[in-house]
Amino acid sequence: MNYTQTIRNYINKRKGEFFEITYEHKKYFHMIQDKTLMKVLNRLEVEGLLLSIAKGLYFIKDGTEYSNDKLIEYYGLSDRGIAVGYTLFNNLGLTDYKDDEVVIYTNELGIKSKTIGNIQLKKMDLVSFDHRTKSIITALELLEKGFNNIIDCDCIKTIVVLEKCLLEYHDFLFEDIIRNHKYSNITILKLQEQLNRLLIPNNCVEIYLKIKRES
């Protein structure tokens, strides 16, 4: 098999996207040895098809200039993941305060975390980052942070957003999330309180305690 041509064909179909070596190797190119894969990628970088933006992470060139906004959009504003912290709060219109640090949970990362400048990718190995899953994560992030700790927070709008997200709650999705990311005991108790207030059936505390016992 011509591995160079195989990978070249693959990336040519994904121009403007990203190639995280560990993830891609495990999912699509496990038949290729590590050293061989690295040689091929180095060759394609020399050819101008790839741009290395961090160790083990390439931008697949598409004729436009790379920017961090493209990285954030690809991993954090799509079905591949979710940007949290002030990036999330800004996108929801909850505050105008800007934070230089960006944290993104994604299922397209082959290692626990990767840092690219002020952007940190964190692996959250969920089946999907669909609307319902993102809504539950958003609710958890808001409860974990606390309204009083969000700088220049529009509290009334935040309450409205939180309640809208909680309406998407489901035990199965919640369990998948907290198996992949730790939230504090207080956050889970706040979640239960809010779900019960909205009369949303849930076993969130029982699920949380079960996972703690298993770990």
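Residues numbered from 1 in each chain as written. Predicted model: local features only at pLDDT ≥ 70, side-chain atom pairs only at ≥ 80, totals over all residues. Heavy atoms only, no water.

Observations concerning the overall build of the protein
Logical step 1: Secondary structure assignment for the protein yields ten helices and seven strands.
Logical step 2: Counting the 215 residues in the protein, one finds 47% classified as buried.
Logical step 3: Taking the intrachain contacts of the protein between residues at least 6 apart in sequence as the baseline, contacts between residues at least 24 apart amount to 61%.
Logical step 4: Per element, the accessible surface of the protein, about 11800 Å² overall, is 51% carbon and sulfur. (Helix = DSSP H or I, 4+ residues; strand = E, 2+ residues; numbered from the N terminus. Buried < 20%, exposed > 50% of the residue type's maximum accessible area, 1.4 Å probe, protein only. Contact = heavy atoms within 4.5 Å. Areas by Shrake-Rupley, 256 points an atom, 1.4 Å probe, with all protein chains shown as cover.)

Structural notes on unusual backbone geometry
When glycine is set aside, most residues are seen to have a negative phi, and most peptide bonds are trans.
Logical step 1: The phi dihedral of aspartate 152 is positive, around 55 degrees, even though this residue is not glycine.
Logical step 2: Note that aspartate 152 resides in the loop between helix H6 (131–145) and helix H7 (155–166).
Logical step 3: Although it is not a glycine, leucine 199 sits at a positive phi angle of roughly 60 degrees.
Logical step 4: Topologically, leucine 199 is positioned in the loop between helix H9 (185–197) and helix H10 (204–214).
Logical step 5: Overall, leucine 199 belongs to the exposed group, its relative accessible area being 74%.

Notes on the packing of H6 against H9
Logical step 1: Between H6 and H9, the shortest axis-to-axis distance is 9 Å and the interhelical angle comes to 120 degrees. Here H6 runs over H9; the crossing is right-handed. Where H6 abuts H9, its residues Leu140, Leu143 and Glu144 lie against Thr187, Ile188, Lys190, Leu191 and Gln194.
Logical step 2: Taken together, the residues that form the contact of H6 with H9 break down as four nonpolar, two polar and two charged. (Axes fitted to C-alpha atoms, helices over the stretch in contact; angles between N-to-C directions. Left-handed = near helix turned anticlockwise from the far one by under 90°. Nonpolar A, V, L, I, M, F, W, Y, C, P; charged D, E, K, R; others polar.)

Some words on the pattern of salt bridges
Logical step 1: One pass over the full model with this rule turns up ten salt bridges.
Logical step 2: With a shortest N-O distance of 2.8 Å, glutamate 24 and arginine 14 are connected by a salt bridge. Of the two residues, glutamate 24 sits in helix H2 (residues 21–27) while arginine 14 sits in the loop between helix H1 (3–12) and strand E1 (18–20), which places them ten residues apart along the sequence. Accessibility assignment for this pair places glutamate 24 and arginine 14 in one class, buried.
Logical step 3: In this structure, the salt-bridge partner of arginine 179 is glutamate 175, at a minimum N-O distance of 3.0 Å.
Logical step 4: For arginine 179, a relative accessible area of 42% corresponds to the partly exposed category.
Logical step 5: By sharing partners, the salt bridges in this structure join Glu175, Arg179, Lys210 and Glu214 into a single network. (Salt bridge = Lys/Arg side-chain N within 4 Å of Asp/Glu carboxyl O.)

Description of the packing of H6 against helix H8 (residues 171–178)
Logical step 1: Look at H6 against H8: their axes get within 10 Å of each other, and the N-to-C directions meet at 65 degrees. In the packing of H6 onto H8, the handedness of the crossing is right-handed. Facing H6, whose interface residues are Arg132, Thr133, Ile136, Ile137 and Leu140, H8 presents Leu173, Phe174 and Ile177.
Logical step 2: Of the residues that constitute the contact of H6 with H8, the class distribution is six nonpolar, one polar and one charged.

Focus: the side chain of lysine 134
Logical step 1: By the secondary structure assignment, lysine 134 is in helix H6.
Logical step 2: With residues near it in sequence (within four places) discarded, lysine 134 still touches Gly76, Leu77, Ser78, Asp79, Gly81, Ile82 and Phe129.

Remarks on the packing of aromatic side chains
Logical step 1: Following the criterion strictly, the structure yields 14 aromatic pairs and no others.
Logical step 2: Taking the centre distance of 5.1 Å and the plane angle of 90 degrees together, the rings of tyrosine 10 and phenylalanine 29 count as edge-to-face. Highlighted residues: tyrosine 10 in helix H1 and phenylalanine 29 in the loop between H2 and helix H3 (34–46), separated in sequence by 19 residues.
Logical step 3: The exposure class assigned to tyrosine 10 is buried, which follows from its relative accessible area of 18%.
Logical step 4: A relative accessible area of 4% places phenylalanine 29 in the buried class.
Logical step 5: Where tyrosine 86 meets phenylalanine 89, the ring centres are 5.5 Å apart and the plane angle is 80 degrees; that geometry is what we call edge-to-face. Pair noted here: tyrosine 86 and phenylalanine 89 are both in helix H5 (residues 86–91), with a separation of three residues, about one helical turn. We note that tyrosine 86, like phenylalanine 89, is buried. (Phe/Tyr/Trp six-rings, centres within 6.5 Å; stacked < 30°, edge-to-face > 60°.)

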